[in-house]
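# Structural characterization, general
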Amino acid sequence: MQLELGELTPEIFLKDYWQKKPLVIRQGFRNFSDLLSPEEMAGLACDEMVESRRIYKSEGEWQAEFGPFDSYEHLGESDWTLVVQALNNWLPDAEKLIQCFDFIPRWRFDDVMVSYATPGGGVGPHIDLYDVFICQGSGRRRWRVGDRGPHKQFAAHPALLHTESFDPIIDVELLPGDILYLPPGYPHDGVTLEASMSFSVGYRTASAKDMVSALADHLIDNELACEQIEDPDRALSDQSGRVDATDLARIKTQLLNTLDEQLISEFSGRYLTSSKCELDLPEENLGFHAVDVIDMLKEQVLTRLGGLKALYFDASVEQGVFYINGEQVSLPRELAAVIPALCDNQLLSENSLAEWLSNEVFVGQLTEWVNRGFWYFEEV
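Cut-offs applied
Residues numbered from 1 in each chain as written. Predicted model: local features only at pLDDT ≥ 70, side-chain atom pairs only at ≥ 80, totals over all residues. Heavy atoms only, no water. Helix = DSSP H or I, 4+ residues; strand = E, 2+ residues; numbered from the N terminus. Buried < 20%, exposed > 50% of the residue type's maximum accessible area, 1.4 Å probe, protein only. Contact = heavy atoms within 4.5 Å. Areas by Shrake-Rupley, 256 points an atom, 1.4 Å probe, with all protein chains shown as cover. Lys, Arg positive; Asp, Glu negative; His and termini not counted. Charge placed at Lys NZ, Arg CZ, Asp CG, Glu CD. Expected span 1.5 Å × (residues − 1). Pairing = 2+ DSSP bridges. Axes fitted to C-alpha atoms, helices over the stretch in contact; angles between N-to-C directions. Polar contact = N/O pair within 3.5 Å; in protein donor to acceptor, adjacent residues only side chain to side chain. Salt bridge = Lys/Arg side-chain N within 4 Å of Asp/Glu carboxyl O. Phe/Tyr/Trp six-rings, centres within 6.5 Å; stacked < 30°, edge-to-face > 60°. Core = buried A, V, L, I, M, F, W, Y, C linked by side-chain atoms within 4.5 Å. Parallel < 35°, antiparallel > 145°, perpendicular 65-115°, else oblique. Nonpolar A, V, L, I, M, F, W, Y, C, P; charged D, E, K, R; others polar.

## Re the overall build of the protein
When helices and strands are counted, the protein shows 10 helices and 19 strands. Classification of the 380 residues of the protein by burial places 46% in the buried group. Contacts spanning at least 24 positions in sequence make up 79% of the contacts within the protein whose residues lie at least 6 apart. Of the roughly 20,400 Å² of accessible surface on the protein, 49% is carried by carbon and sulfur atoms. Mean positive and mean negative side-chain charge positions of the protein (30 and 64 charges, respectively) differ by 9 Å.

This is the structure in structure tokens:
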């Protein structure tokens, strides 16, 4: 699978469109094939570990239901939609689609959402708070996109936040292989013209509110930032109820000093690699030994589990520090160079790891990850 941008390079896209304005990319994927069939998607939606929804109207009112689902016959042949979140956690082929957009770093990546809709189906006019590439699979879907503005939003259903009607700045019919890019804040509404599938590659960041809340939990859980304000140079005060500019500066300085680069990277690394959805991890240790891993790498490659996030920071990677699945990993400094190989690539081969396979510490750590299901063996 290859993204075809024509004269629009990734550099031009990031400069002129990313988080700035919507864009229709005709035939961004030539000969695009659905990553799975509607029947396979329905099978995923039967699993209680998979996050799924179906949206439809009943007597003119919007309805939304959460899976797992075992039947669809009562919904008829039109006007309903099935959505599955985090397809990349369950379908390895979704990784090929994500890689097409790797000119955006993975710490910004959220998930791949797949939608199957019957004619007339949709989820209603709404506004998203994340960037998304909506890749049209089989079938046709009409999309209307409005401009940013003070659009009134309302709950069409407890699980559906819709927006008022809007004048479209884009009114387009997407065909298989077409892509609609939407930055945050643009109202949009998609209605299926014939039974169709679409695959949405989403990118989001958390709000400052959510991150500050999670940071507070991190400080408490790890008993960090326990220092008290010190003011040995305090001046005489004759207004006991006043917080003067000097005291406010002390308070601000203490808070800002808490947020040093090490703390922020340690917290952010754990936060950004935590999966919001279930991962397809084994319930028990798989029982591989180091010698097994070495032998199997001679004929197979290791594939990182779909949905598993691994990131590193410039500030700490040379110290052997990186983050995976919400955990901080500290390798010996002499193994620091392997970290980009682990985090930047979905596949690990004997050749790509050759420099470190004689290191017992690394092979032991790699074996632990294999036994936890973070990487799995696959035939070349």
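## Remarks on helix 6 (residues 261–273)
Over its 13 residues, helix 6 extends 18 Å from the first C-alpha to the last, a length consistent with the 18 Å expected when each residue adds 1.5 Å. Leu263, Ser265, Glu266, Phe267, Ser268, Gly269, Leu272 and Thr273 are the residues of helix 6 that are buried. Against helix 4 (208–221), helix 5 (245–258), strand 15 (310–311), strand 16 (321–324) and strand 17 (327–330) lie the buried residues of helix 6.

## Details of the environment of Leu14
Note that Leu14 resides in helix 1 (residues 10–16). With relative accessibility at 29%, the residue Leu14 sits in the partly exposed group. A C-alpha to C-alpha distance of 8.8 Å links Leu14 and Ile104, two positions 90 residues apart in sequence.

## Side note on the sheet that holds strand 19 (residues 375–379)
Sheet strands pair via backbone hydrogen bonds, and the direction of the pair is either parallel or antiparallel. Spatial strand order, 18-14-19: 3 strands in an open sheet with antiparallel pairing. Edge strands, defined here as strands with exactly one partner in the open sheet, are strand 18 (347–348) and strand 19. Running at roughly 85° to strand 19, helix 10 (residues 360–372) makes contact with strand 14 (300–304), strand 18 and strand 19 of the sheet.

## What about the environment of Pro105?
Along the chain, Pro105 turns up in the loop between helix 3 (94–99) and strand 5 (109–117). Sequence spacing of Pro105 and Leu311 is 206 residues, and the spatial spacing of their C-alpha atoms is 9.7 Å.

## Things to note about the environment of Ser198
The topology assignment puts Ser198 in strand 13 (residues 196–203). For the pair formed by Ser198 and Ala117, sequence separation is 81 residues and the distance between their alpha carbons is 8.7 Å. Ser198 has contacts with Met113, Val114, Ser115, Ile134, Cys135, Gln136, Gly137 and Arg141, leaving out every residue within four places of it along the chain. Among the polar contacts listed, one links the side chain of Ser198 to the side chain of Arg141, at a separation of 3.4 Å.

## Structural notes on the pattern of salt bridges
Counted by the stated rule, this structure contains 20 salt bridges. Asp233 is paired through a salt bridge with Arg250; the nearest N and O atoms lie 2.6 Å apart. In this pair, Asp233 sits in the loop between helix 4 and helix 5 while Arg250 sits in helix 5, placing the two residues 17 residues apart along the sequence.

## Some details on the packing of aromatic side chains
In this structure the tally under the stated criterion is 23 aromatic pairs. On the basis of an interplanar angle of 25° and a centroid distance of 4.3 Å, the ring pair of Phe101 and Phe133 is categorised as stacked. With Phe101 in the loop between helix 3 and strand 5 and Phe133 in strand 6 (residues 131–136), this pair connects stretches of sequence that are 32 residues apart. The residues Phe101 and Phe133 share a single accessibility class, namely buried. By way of ring pairs, the aromatic residues Phe13, Tyr17, Trp18, Phe29, Phe32, Phe101, Phe103, Phe109, Phe133, Tyr181, Phe199 and Tyr203 are connected into one cluster.

## So, the side chain of Asn371
Relative to the elements of secondary structure, Asn371 occurs in helix 10. You can call Asn371 buried: its relative accessible area is 7%. Polar side-chain contacts of Asn371 include one of 2.5 Å to the backbone nitrogen of Phe288.

## Structural notes on the nonpolar core
Grouped together as the largest cluster of nonpolar side chains are 45 residues, with contacts concentrated most on Leu36, Leu97, Phe101 and Phe133. For this core, the elements supplying multiple residues, two or more each, are strand 1 (23–25), helix 2 (38–44), strand 4 (80–84), helix 3, strand 5, strand 6, strand 11 (179–182) and strand 13. Discounting residues that sit within four places of it in the chain, Leu36 has contacts with Met41, Leu44, Leu87, Leu91, Val114, Met197 and Phe199.

## Some details on the packing of helix 4 against helix 6
Direction vectors running N to C along helix 4 and helix 6 enclose 105°, while the axes themselves pass 11 Å from each other. In terms of orientation, helix 4 lies roughly perpendicular with respect to helix 6. Here helix 4 contributes Asp210, Met211, Ala214, Leu215, His218 and Leu219 to the contact with helix 6, which in turn contributes Leu263, Phe267, Ser268, Arg270 and Tyr271. Across the contact of helix 4 with helix 6, the residue classes tally to 7 nonpolar, 2 polar and 2 charged.

## Considerations on the pairing of strand 11
The alternating pattern of strand 11 places Ile179 and Tyr181 on one face and Leu180 and Leu182 on the opposite face, and all of these are buried. In this structure, strand 1 lies alongside strand 11, joined through 3 bridges in antiparallel fashion. Note that in strand 11 the partner of Ile25 across the bridge is Ile179. When strand 6 meets strand 11, the two strands line up antiparallel, connected through 4 bridges. For Ile134, the partnering residue across the bridge sits in strand 11 and is Leu180.

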